[in-house]
Amino acid sequence: MQVLGIPVENGRRALCWKLLLNYLPPSRLAWDEALDGQRCAYRRFVREMVVRPGGAAGGSAAARVDVTEHDHPLSDQPNSQWQTFFKDNDVLGQIDKDVRRLCPDISFFQQPTEFPCQEVVCGDYHERLHERVQRVYLDSASVCRVGLGMQTKVDAKRRQQEHDYVALPGGQEAHWEVVERILFIYAKLNPGQSYVQGMNEIVGPIYYTFASNPDARWREHAEADTFGVFTNLMSEIRDFFIKTLDDSHSGINFRLRLLMERLHHHDPHLAVRLKVQQLYPQYFAFRWMTLLLSQEFTLPDVIRIWDSLFADEKRFDFLTEVCCAMMIQVREQLMSGDFAHNMKLLQNYPPLEIRTVLAKAEWLLSR
Amino acid sequence: MSYAYLFKYIIIGDTGVGKSCLLLQFTDKRFQPVHDLTIGVEFGARMITIDGKQVKLQIWDTAGQEAFRSITRSYYRGAAGALLVYDITRRDTFNHLTTWLEDARQHSNSNMVIMLIGNKSDLESRRDVKREEGEAFAREHGLIFMETSAKTAANVEEAFINTAKEIYEKIQEGVFDINNEANGIKLGPQHSPAAAGGMAAGGLGGSQGGGCC
Ligand SMILES: Nc1nc2c(ncn2[C@@H]2O[C@H](COP(=O)(O)OP(=O)(O)OP(=O)(O)O)[C@@H](O)[C@H]2O)c(=O)[nH]1
Ligand SMILES: [Mg+2]
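Below, the structure is looked at part by part. Because the structure is a prediction, the values reported are computed rather than measured.

**Concerning the coordination of the magnesium ion (ligand 2)**
Residue and element names in this part refer to chain B.
Thought 1: Those protein atoms acting as donors to the magnesium ion (ligand 2) are Ser20 (OG) and Thr38 (OG1), and they sit at 2.0 Å. A residue pair is termed long-range when its members are at least 10 positions apart, and Ser20 in helix α1 (residues 19-28) and Thr38 in the loop between α1 and β2 (41-50) qualify at 18 residues. Thr38 matches Ser20 in its accessibility class, with the two residues each being buried.

In structure tokens form, the structure reads like this:
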């Protein structure tokens, strides 16, 4: 599997990822219960954090209407349950910008999902996440203007998006909105770390894989399943995102040092060359490893690489070898190029045949 | 192609203000409407001419998000110039300038030339920060100032080149110690310190940084 990749047929890849990342228990008999539990939990998070932010008590329609009447988002009361809501909006503003920049080379994320979150798109008393962001921008803009005593009127056009990641009209949701919700809930549940840029690049391929599962029964739950798998994956790589300059075993600096040690083991001339040129792994391999190569290749190639990374039992040892293979594949250029040339080569990795790179990595792993 | 000097730059500022787009416009003369957000750093290089001399710019474009701040800090040392960028359509990016400046001053060498840039000047209808405010901030903190557009390329060339001119002048005045690489300045391969300020000769570049970008 590591070498050949996982066949897509019948959603086998999506299934394998769920197993490999421990979202599904190994025993098939336990699947239904596990799935039910995790999907239910996710639905609850959506209800608590997205549909009724602030965690109002009571679930009846009447209670909810009441809440919005007396404690609405524009209320300035310090005890307003919307306080947290406003704090969240900083994070949300960031996520919103980033998910709208997701995989622009394919049109998938701009398209509507067949399975929008019903509670979100059909409710009439609350806003969708991206609308929250919009309103807050308008508010802060007018506040600032008042503060400076300027008379400019708020330009209605200012929030108009220039790109195609537009929000779809009522009853519909684009895929990027779904991803926005997943990231927002993850950030809420992990306040210490919150949202760090790059997480969007990690969640993207997972969601894409699940939401394009040929089997509609799986596809329907793509959102909840993505959230679960993403959370599990993040628990393995979260240190790449937090302690970015930490040397602990799980930290990225340790990983980068290990990478150069492995390169030296495989190809000492190349390793010395990079060292002499002061081409430190921090400059290029930081992104490679933190994002599991998701910014270096096209989406199909990234997904293919992830088959192998997830299948790696000693997770991410194989990633190290893939990175070594990438450098060795372009060694002729690296040996003759100057610093600037090499830097650009490694930061804009050429579109090589991914199978060759993975085969090379496999071979290196055995050495 | 050979060079007389090599200057190292760093580009800093909030996420989404257009740092990577500015770099791309300067090095490749193109605009990419949806640019990947920067994780870690991105690198660019270009040759320019100042006072008849070839000057090579090596530019480090950093990630704007707070979470990456500690990485960004490690790039200040060894930079001769910094472009501090905000987005004229987003006041929050302007409000954060003080923090950026404190960071820059604390972690860089004291002679680093800082250029303040108000980017996205093509979006006049959405302007949220007046040009005068940018000018005032720059004056107050002793920075050079320009408004640019990475989209239309307006002033992009000038922003990078004027920064280099300022560094060059400081070298002429003897403010920069050009023999200390930590200042972000290097003499060209065939350019001995004694000959600094003399003619930039042609010939093959050295192994590092010699070739054209
Ligand atoms: N209209 C207009 N848009 C711009 C300009 N410069 C950048 N943009 C847009 O702003 C967005 C962000 O640009 P980037 O260059 O990626 O921003 P950045 O500062 O590098 O962001 P980080 O890498 O996250 O720190 C992109 O979608 C660009 O299309 C400009 O001059 N005019
Ligand atoms: Mg950038």
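After that view of the structure, there is still more to cover.
**What about the packing of aromatic side chains?**
Thought 1: Inspection of every chain in the model, using the stated rule, returns 26 aromatic pairs over all chains.
Thought 2: Between Phe339 of chain A and Trp60 of chain B the ring centres are 6.3 Å apart and the planes differ by 65°, which places this aromatic pair in the edge-to-face class. Taken together, the positions of Phe339 of chain A in helix α17 (residues 339-347) and Trp60 of chain B in strand β3 (residues 53-62) put the pair across two chains.
Thought 3: Given the relative accessible area of 5%, Phe339 of chain A is considered buried.
Thought 4: Taken together, Tyr280, Tyr283 and Phe339 of chain A together with Phe43, Trp60 and Tyr75 of chain B form an aromatic cluster joined through their ring pairs.
Thought 5: Between the NZ or CZ atom of Arg46 of chain B and the centre of the ring of Phe26 of chain B, over which it lies, the distance is 4.3 Å.

**Here's the deal with the environment of Ala222 of chain A**
Residue and element names in this part refer to chain A.
Thought 1: Examined against the element boundaries, Ala222 turns out to sit in helix α10 (residues 222-241).
Thought 2: On a C-alpha basis, the gap between Ala222 and Phe210 in space is 5.1 Å, while along the polypeptide they are twelve residues apart.
Thought 3: The residues touching Ala222, leaving out its near neighbours within four places in the chain, are Tyr207, Phe210 and Ala211.

**Comments concerning the pairing of strand β5 (residues 113-119) of chain B**
On a regular strand, each side chain points to the face opposite its neighbour's, so the side chains alternate between the two faces of the sheet.
Residues and elements named next belong to chain B.
Thought 1: Within β5, seven of the seven residues are buried, which leaves it mostly tucked inside the rest of the structure.
Thought 2: Both faces of β5 are covered, namely the face carrying Val113, Met115, Ile117 and Asn119 and the face carrying Ile114, Leu116 and Gly118.
Thought 3: Looking at chain direction, strand β4 (residues 81-87) and β5 are connected through seven bridges and run parallel. Note on β5: the bridge partner recorded for Gly81 is Val113.
Thought 4: In this sheet, strand β6 (residues 144-147) lies alongside β5 in parallel orientation, the contact comprising four bridges. Bridge pairing links Met115 to Ile144 in β6.
Thought 5: The parallel pair β5 and β6, bridged by helix α5 (residues 131-141), forms a crossover whose chirality is right-handed.

**Some remarks on the environment of Gln106 of chain B**
Residue and element names in this part refer to chain B.
Thought 1: You can see Gln106 is positioned in helix α4 (residues 97-107).
Thought 2: For Gln106, a relative accessible area of 62% translates into the label exposed.
Thought 3: When the C-alpha atoms of Gln106 and Arg77 are compared, they prove to be 9.9 Å apart, with 29 residues separating the residues in sequence.

Here is what the cut-offs are and how they apply
Residues take numbers from 1 onward in each chain, read along the sequence in its written order. Chains carry letters and ligands carry numbers; both start at the beginning, A for chains and 1 for ligands, and go up in the order they are written. In keeping with the predicted nature of the model, local features appear solely for residues at pLDDT of at least 70, side-chain atom pairs appear and are counted solely at 80 or more, and the whole-chain, interface and lining totals rest on all residues. Values reported for side chains reflect all heavy atoms of the structure, with hydrogen atoms and water molecules removed beforehand. Only nitrogen, oxygen and sulfur atoms qualify as donors, and only when within 2.8 Å of the metal (3.2 Å in the case of Na, K and Ca); with water excluded, sites may look incomplete. Secondary structure elements follow DSSP: runs of H or I no shorter than four residues count as helices, runs of E no shorter than two count as strands, and numbering proceeds from the N terminus. The cut-offs for exposure are 20% and 50% of the maximum accessible area for each residue type, with area from a 1.4 Å probe on protein chains only; residues under the lower value are buried, those over the upper are exposed, and the others partly exposed. Ring geometry is summarised as follows: Phe, Tyr and Trp rings, the Trp one being its six-membered ring, pair when their centres sit within 6.5 Å, and such pairs are stacked at plane angles under 30 degrees, edge-to-face over 60 and tilted between the two. Here, over-ring charges are defined by two tests on the NZ atom of lysine or the CZ atom of arginine: distance to the ring centre within 6 Å, and angle to the ring normal within 35 degrees. Throughout, a residue-residue contact means that at least one pair of heavy atoms, one from each residue, lies within 4.5 Å. Here the rule is simple: two strands pair whenever DSSP picks up at least two bridges between them. Think of it like this: strands point away, you trace from the first strand over the helix to the second, and a clockwise trace means the crossover is right-handed.

Any functional reading would require information that these geometric values do not contain.
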